[in-house]
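Residues per chain are reported as follows:
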Amino acid sequence: MSNLQQQLATIQQGTVQPVYLVSGTEHYLIERFKQTIITAVLDGDTSSDFNFTTFNMEEDELQAAVQEAESIPFFGKQRLVFITHPTFLTGKPTKSDPDHNLEALVNYLQAPADFSVLVIFAPYEKLDKRKKVTKSLLKQAEVIDVSPMDTNALARYVKEAVQTHGYQFQDGAFNALMERTDYQLTTIMSELQKLYLYHMEDKYITRHSIDELVTRTLESNIFEINELVLAKQANQAIQVFSDLLLQKEEPLKILAIMLSQFRLLLQVHILRAKGYQQAEIAKEISAHPYRVKLAMKTERRFNRELLAQAYQQLIQAEYRIKTGQVDPELQFELFVMQFTGQKES
């Protein structure tokens, strides 16, 4: 059982801490904690404003949230206070934030009210641990880590969740689900709801149902475009691009992700040639191990010159679009036709 699961189990059993710091960017885990704490403190009822309040630190003052936590509950035994968007915990607070009295929170942490539960949601990759307020929170609060899981932990979590619901995977179905959702937990858990309904009778998730029901992520679709471009399959690449436009995706956004992925392919290709292994490459370039794994499967089929050629031409295409020299859709097609018309060296 992971530390997060242990913490949630403790809360469900009725043991609740006075202050929580929910730190990390995994939306699904944030929502899971949120529902758990609401159920434990308020029996799941947030309809009343008497004992449940949310303060947005981009609009509300921190001292107002602290004062709310210090107020005795109007009805019931406990008050629940949520603090969102606490950019003052990061290295880059927004200029439009109110003038927060950070000492008010630091002082509160020394002796938090026993009739309130204060939860601070910090959906950021990093917190500024040099700040006094951050240090105080990390020391005094119960820290709930909702950072994205590594590949192995994510696989275990998903398999356990599916088994808990009484379902199982057909051979190859689990990997198909993970690849189609780009190993994104929030997306995976959302797509599983459709699969549960579809397989309500047999409880057996198949590769076919995943292909039919699970929506591919934007990154996954764009990775396919890049593979088609490298394989010189122009018409297929343009078709996938056109399908994304029909889904209201922005051409420049698509090109930006393409560039990012080609950069990754080049980095992986160069580091692998130097003898780096998958885990070492992921650490060296700060990339998700799954993305590195996919990149390694692709870049092995092409030489460095071809990968660099595609990358450079795509940079030029993006420049022409951003400077208004050509229509984005037309420029994409020109890039594909120009590149796929060249022979691999």
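This is a predicted model, so every value here is computed, not measured.

**Q** So what's going on with the UniProt feature "domain: DNA polymerase III delta subunit-like C-terminal" (unreviewed entry) in the chain? Residues and values would help.
**A** The feature "domain: DNA polymerase III delta subunit-like C-terminal" (unreviewed entry), as given by UniProt, occupies residues 219-339 in the numbering adopted here. Taken end to end, residues 219-339 has its terminal C-alpha atoms 21 Å apart, with 81% of it in helix and 0% in strand.

**Q** So what about the sheet that holds strand β4 (residues 116-122)? Which residues, and what values?
**A** The strand order across the open sheet formed by five strands is β2-β3-β4-β1-β5, and the pairing between neighbours is parallel. Strands with a single pairing partner mark the edges of an open sheet, and in this sheet they are β2 (52-56) and β5 (142-145). Across the sheet, the axes of successive neighbouring strands diverge by a mean angle of 20 degrees, strand direction being ignored. Judged from the five bridges that link them, β2 and strand β3 (residues 79-84) form a sheet pairing that is parallel.

**Q** Outline the pairing of β3, supporting the account with residue identities and numerical values.
**A** For β3, the buried fraction is high: six of the six residues fall into the buried class. Taken together, β2, helix α3 (residues 62-70) and β3 form a β-α-β motif whose crossover is right-handed. Strand direction decides the pairing type here: β3 and β4, joined by five bridges, are parallel. Considered in β4, the bridge of Arg 79 is made with Ser 116. The handedness of the β3 to β4 crossover, carried by helix α4 (residues 102-110), is right-handed.

**Q** Kindly report on unusual backbone geometry, identifying the contributing residues and their values.
**A** The phi dihedral of Asp 182 is positive, around 60 degrees, even though this residue is not glycine. Tracing the chain through its elements places Asp 182 in the loop between α7 (173-180) and α8 (185-198).

**Q** Account for the packing of helix α13 (residues 278-285) against helix α14 (residues 289-299), naming residues and giving values.
**A** The N-to-C vectors of α13 and α14 enclose an angle of 120 degrees; their axes lie 9 Å apart at closest approach. Crossing of α13 against α14: the hand is right-handed. Side by side, α13 and α14 meet where Gln 278, Ile 281 and Ala 282 of the first sit next to Pro 289, Val 292, Lys 293 and Met 296 of the second. A class-by-class count of the residues in the contact of α13 with α14 yields five nonpolar, one polar and one charged.

Cut-offs and rules
- Residues numbered from 1 in each chain as written.
- Predicted model: local features only at pLDDT ≥ 70, side-chain atom pairs only at ≥ 80, totals over all residues.
- Heavy atoms only, no water.
- UniProt positions renumbered as here; feature names shortened; annotations may be inferred.
- Helix = DSSP H or I, 4+ residues; strand = E, 2+ residues; numbered from the N terminus.
- Pairing = 2+ DSSP bridges.
- Axes fitted to C-alpha atoms, helices over the stretch in contact; angles between N-to-C directions.
- Buried < 20%, exposed > 50% of the residue type's maximum accessible area, 1.4 Å probe, protein only.
- Right-handed = clockwise from strand over helix to strand, strands pointing away.
- Left-handed = near helix turned anticlockwise from the far one by under 90°.
- Contact = heavy atoms within 4.5 Å.
- Nonpolar A, V, L, I, M, F, W, Y, C, P; charged D, E, K, R; others polar.

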